[in-house]
Amino acid sequence: MRLVLLGAPGSGKGTQAARLKSDLGVPHISTGDMLRAAVKAGTPVGLKAKAVMDAGKLVSDDILLAMLEERLAQADAKAGFILDGYPRNLAQAAALDDLLARIGKPLSAVVKLDVPNETIIGRCEIRFAAEHRKDDNPEVVRDRLKVYAEQTAPVADFYAQRGKLQVVDGVGALDEVTARVKRALAAAA
Ligand code: B4P
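As the structure is a computational prediction, the values presented were derived from the model and not from experiment.

## Quick look at the pairing of strand β3 (residues 81-84)
Residues Phe81 and Leu83 line one face of β3 and the alternating positions Ile82 and Asp84 line the opposite face, and both faces are buried. Across 3 bridges, strand β2 (residues 28-30) lies against β3 in parallel orientation. Considered in β3, the bridge of histidine 28 is made with isoleucine 82.

Set out below in structure tokens:
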């Protein structure tokens, strides 16, 4: 299974990917987690990414593609992957298509978690209070939603035009949302 999870920041991509990975027997690859680990470790990528992430903007496409290529080349990704947070704009979607075509492994499915902005703002407020992630600050969340609407929302159309997109309601108990994603994957198979 080579799955892309799409959705606005805070729509639950990371949460659902973590629940699906053992079922699907593939790793959860989160570009947000990879960038946060690079920031924490103070690597050259992390140093470049920190201010951009704290402001809720997108880190450069070159950095992301290099990071992703390296990750997909690792042994555990041979069986497939759940990609969470990538692609985030049309250039990244085209780069991913090229990369997967080169290795002869196209995507199996693309699932978008649909969650209204008010719900997202509420979820990020709760996480901000608990974890103090700078990009969960309510003002930054509004900026991230703007970046999402302008740059990431067209990625869903990109996959819809290729007949790959399944849209799932991302509001509800975690188990309910997981069950909806599984049903969407079964329908896509
Ligand atoms: P991400 O790490 O991808 O953003 P996220 O907010 O964690 O989104 P996610 O949808 O995974 O939400 P989660 O499950 O955690 O990106 C962070 C930043 O990294 C970006 O802004 C950007 O700067 C950079 N970046 C990453 N990828 C990039 C790329 N490809 N190109 C350029 N830049 C990139 O859920 C959020 C909260 O909601 C959690 O607290 C969770 O507990 C809660 N929740 C989830 N599901 C729920 C439910 N059903 N009900 C109630 N609460 C729920």
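## Considerations on the site of the ligand
For the ligand, the set of nearby residues contains 30 residues, the closest of which are Gly14, Thr15, Thr31, Lys57 and Arg127. In the environment of the ligand, an oxygen atom lies 2.8 Å from a nitrogen or oxygen atom belonging to the backbone of glycine 14. Glutamine 92 has a polar side-chain atom sitting 2.9 Å from a nitrogen atom of the ligand. In the complex, 86% of the free accessible area of the ligand, which totals 990 Å², lies under the protein chains. Every element with two or more residues in the shell around the ligand is listed here: α1 (13-24), α2 (31-41) and α6 (117-131). If you tally residues by element for the shell around the ligand, the top one is α2, at 4 residues.

About the criteria used
Residues numbered from 1 in each chain as written. Predicted model: local features only at pLDDT ≥ 70, side-chain atom pairs only at ≥ 80, totals over all residues. Heavy atoms only, no water. Buried < 20%, exposed > 50% of the residue type's maximum accessible area, 1.4 Å probe, protein only. Helix = DSSP H or I, 4+ residues; strand = E, 2+ residues; numbered from the N terminus. Pairing = 2+ DSSP bridges. Near = heavy atom within 4 Å. Polar contact = N/O pair within 3.5 Å; in protein donor to acceptor, adjacent residues only side chain to side chain. Areas by Shrake-Rupley, 256 points an atom, 1.4 Å probe, with all protein chains shown as cover.

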